[in-house]
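A closer look at the structure
One letter stands for each residue in the lines below.
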Amino acid sequence: MAANPFAGLARRAPDDPLALGETDAPVVILEYADFQCPFCGRHARETEPKLIKDYVDKGLVRIEWRDLPYLGAESNDAAAAGRAAAQGRFWEFHNAVHAKERRVNSGALDGDALRDIARSIGLDLARFDTDRASAATRTALLRDQQEATSMGITGTPAFIVGDTPIVGAQPYEAFKQAIDRQVGAR
C-alpha cells in the first residue's frame, strides 16, 4: 500500500475544538469549508450526520474542520466567529449556521446575526467578541487558507478523506466508499 501523501496534514490534537472523533481513528477527514457556501451547508445537513453516526461515533473516522472563507466579508466574519465558538461549542455553531440555506453576502451572517447565533448556543459573548477579533484567530484562519491553496483547493467544500481527495458536496456513498476502502486495508 502506498504512503498517504496527505497524512502530515491531519493534526490529531486531542484538544482540538474543531475536530470530531478519536485522535487515533484510522481515517481522518479534512473538511475545507466556507460557512456561506450553500454546498457546504447541504453537506452539513445531509451527509455529515450520517458520517458521524456510521463512522465517527464508532471510532473509525475523525473529522477535522479547516476554514476556507472565499465568498466575501461575511465568509471571513463567520470563519472568525466559528473559531470564537471553539469555547466548546464549535460544532453547535457549525450546525446552527448550516441549519438553513442562506443567500451569500445577504446580511444573514453579519456581525449581529453571528452574535445572535452565539447567544442562542450559550456562548460567553464577551469572550466570543474578543476571540473573533484576535490575532490568534486571524493567524489560524490564514494557516488553513494557506494549507488549502498549497494543494490547489480554491473552492468549497473540499475534503481529504484519509488518502482520497473528494471535491464538492458529493453523496454519502462517495465518502463511504473511500472510508471503507481505507478501513478495510488496515
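Our structure's up above, just so we're on the same page.
Presented here is an overview of the structure given in this document. Just so you know, these numbers come straight off a predicted model, no measurement behind them.

Before going further, it helps to examine the side chain of Asp34. Within the secondary structure, Asp34 sits in the loop between β2 (27–33) and α1 (38–56). With no salt bridge to any partner, buried Asp34 finds its closest opposite charge in Arg102, at an N-O distance of 10 Å. A polar contact of 2.9 Å, which involves the side chain of Asp34, links it to the backbone nitrogen of Tyr70. A distance of 3.1 Å separates the side chain of Asp34 from the backbone nitrogen of Leu71, its partner in a polar contact.

Core analysis: the biggest nonpolar cluster contains 36 residues, and Ile29, Phe35, Val61, Phe93, Val161 and Ile179 have the highest contact counts within it. In contact with Val161, other than residues within four places in its own chain, are Val27, Val28, Ile29, Ile166, Phe175, Ala178, Ile179 and Gln182. Core analysis: the next-biggest nonpolar cluster, separate from the first, contains 9 residues, Phe6, Tyr32, Ala148 and Ala158 among them.

Summed over the entire model, instances satisfying the criterion amount to 7 aromatic pairs. Considering the side-chain rings of Phe159 and Phe175, the 4.9 Å spacing of their centres and the 85° angle between planes classify their relative orientation as edge-to-face. Highlighted residues: Phe159 in strand β4 (residues 158–161) and Phe175 in helix α7 (residues 172–184), separated in sequence by 16 residues. The exposure classification of Phe159 matches that of Phe175, with both residues buried.

In this section: the packing of α1 against α7. A packed helix pair is summarised by two numbers, namely the angle formed by the two axes and the spacing between the axes. Taken N-terminus to C-terminus, the directions of α1 and α7 make an angle of 30°; their axes are 10 Å apart at the nearest point. Our classification of the angle between α1 and α7 gives roughly parallel. As α1 runs across α7, the sense of the crossing is right-handed. The residues of α7 that touch α1, namely those facing His43, Thr47, Lys50, Leu51, Asp54 and Tyr55, are Tyr172, Phe175, Lys176, Ile179 and Asp180. Along the lines of polarity and charge, the residues of the contact of α1 with α7 split into 5 nonpolar, 2 polar and 4 charged.

Attention now goes to empty space enclosed by the protein. Gaps between atoms show up when a probe of the same size as a water molecule is rolled over them. If you walk through the whole model with that rule in mind, you get 1 cavity of 30 Å³ or more. The calculated volume of the largest cavity comes to roughly 60 Å³. Along its surface, the largest cavity is lined by Phe35, Gln36, Cys37, Pro38, Gly41, Arg45, Val97, His98, Lys100, Glu101 and Arg102. For the lining of the largest cavity, the elements supplying multiple residues, two or more each, are α1 and α3 (90–98). When residues of the lining of the largest cavity are assigned to their parent elements, the largest contribution, 3 residues, is made by α1. Split into classes, the residues belonging to the lining of the largest cavity amount to 4 nonpolar, 3 polar and 4 charged.

What follows deals with the sheet that holds β4. By way of backbone hydrogen bonds, the strands of a sheet pair with one another, either parallel or antiparallel. Taken together, 5 strands build an open sheet; the order of strands is β1-β3-β2-β4-β5 and the sheet is mixed. A strand with exactly one partner marks an edge of an open sheet, and here the two such strands are β1 (19–20) and β5 (164–167). Sheet analysis places β2 next to β4, joined by 4 bridges and oriented antiparallel. Counted as the bridge partner of Leu30 is Ile160 from β4. Where α3 meets the sheet, its contacts fall on β1, β2 and β3 (61–67), and the angle it forms with β3 comes to roughly 70°. Across the sheet, α7 touches β2, β3, β4 and β5, and the angle it forms with β5 is around 175°.

Their axes nearest at 8 Å, the elements helix α2 (residues 73–84) and helix α5 (residues 125–132) cross at an angle of 125°. By the angle between their axes, α2 is oblique relative to α5. As for how α2 packs across α5, the hand of that crossing is right-handed. Across from Ala80, Ala81 and Ala84 in α2, the residues of α5 making contact are Phe128, Asp131 and Arg132. In the contact of α2 with α5, the residues fall into 4 nonpolar, no polar and 2 charged.

Calculation notes
- Starting from 1, residues in each chain are numbered consecutively following that chain's sequence as written.
- For a predicted model such as this one, the threshold for reporting local features is a pLDDT of at least 70, and the threshold for listing and counting side-chain atom pairs is 80 or more; totals across whole chains, interfaces and linings nevertheless cover every residue.
- Computation of side-chain values: all heavy atoms of the structure, hydrogens and water removed.
- Helix and strand definitions follow DSSP, with helices as H or I runs of at least four residues and strands as E runs of at least two, each counted in order from the N terminus.
- Note on classification: 1.4 Å probe, protein chains only; a residue is buried when its accessible area is under 20% of the maximum for its type, exposed when over 50%, partly exposed between these limits.
- When charges are counted, neither His nor the chain ends are considered; positive counts come from Lys and Arg and negative counts from Asp and Glu.
- Any Lys or Arg side-chain nitrogen located within 4 Å of an Asp or Glu carboxyl oxygen qualifies as a salt bridge.
- Definition of a polar contact: a pair of N or O atoms within 3.5 Å, with one able to donate and the other able to accept a hydrogen when the atoms are protein atoms, and with sequence-neighbouring residues admitted only if both atoms are side-chain atoms.
- Side-chain atoms within 4.5 Å link the members of a nonpolar core, which is a set of buried Ala, Val, Leu, Ile, Met, Phe, Trp, Tyr and Cys residues.
- Note on definitions: a residue-residue contact is assigned when non-hydrogen atoms from the two residues lie within 4.5 Å.
- Between rings of Phe, Tyr and Trp, where Trp is taken as its six-membered ring, a pair exists when centres lie within 6.5 Å; planes separated by under 30 degrees are stacked, by over 60 edge-to-face, and by other angles tilted.
- Helix axes are fitted only over the stretch in contact, all axes being lines through C-alpha atoms; the angle between N-to-C directions runs from 0 to 180 degrees.
- Throughout, the term roughly parallel applies to angles under 35 degrees, roughly antiparallel to angles over 145, roughly perpendicular to angles from 65 to 115, and oblique to all others.
- The hand of a helix crossing depends on one turn: near helix anticlockwise from the far one by less than a right angle means left-handed, and clockwise means right-handed.
- Any residue that is not Ala, Val, Leu, Ile, Met, Phe, Trp, Tyr, Cys, Pro, Asp, Glu, Lys or Arg is counted as polar, Gly included; the first ten are nonpolar and the last four charged.
- Detection works on a 1 Å grid of protein atoms alone, calling trapped sets that fit a 1.4 Å probe cavities and calling open sets with protein on both sides within 12 Å along at least five of seven lines pockets, with lining residues defined by an atom within 4 Å of a point.
- Grid points are joined across faces, edges and corners, and a volume is the space filled by probe spheres set on the points.
- Two strands qualify as a pair provided that DSSP identifies no fewer than 2 bridges between them.

In short, shape yes, function no, at least from these values alone.
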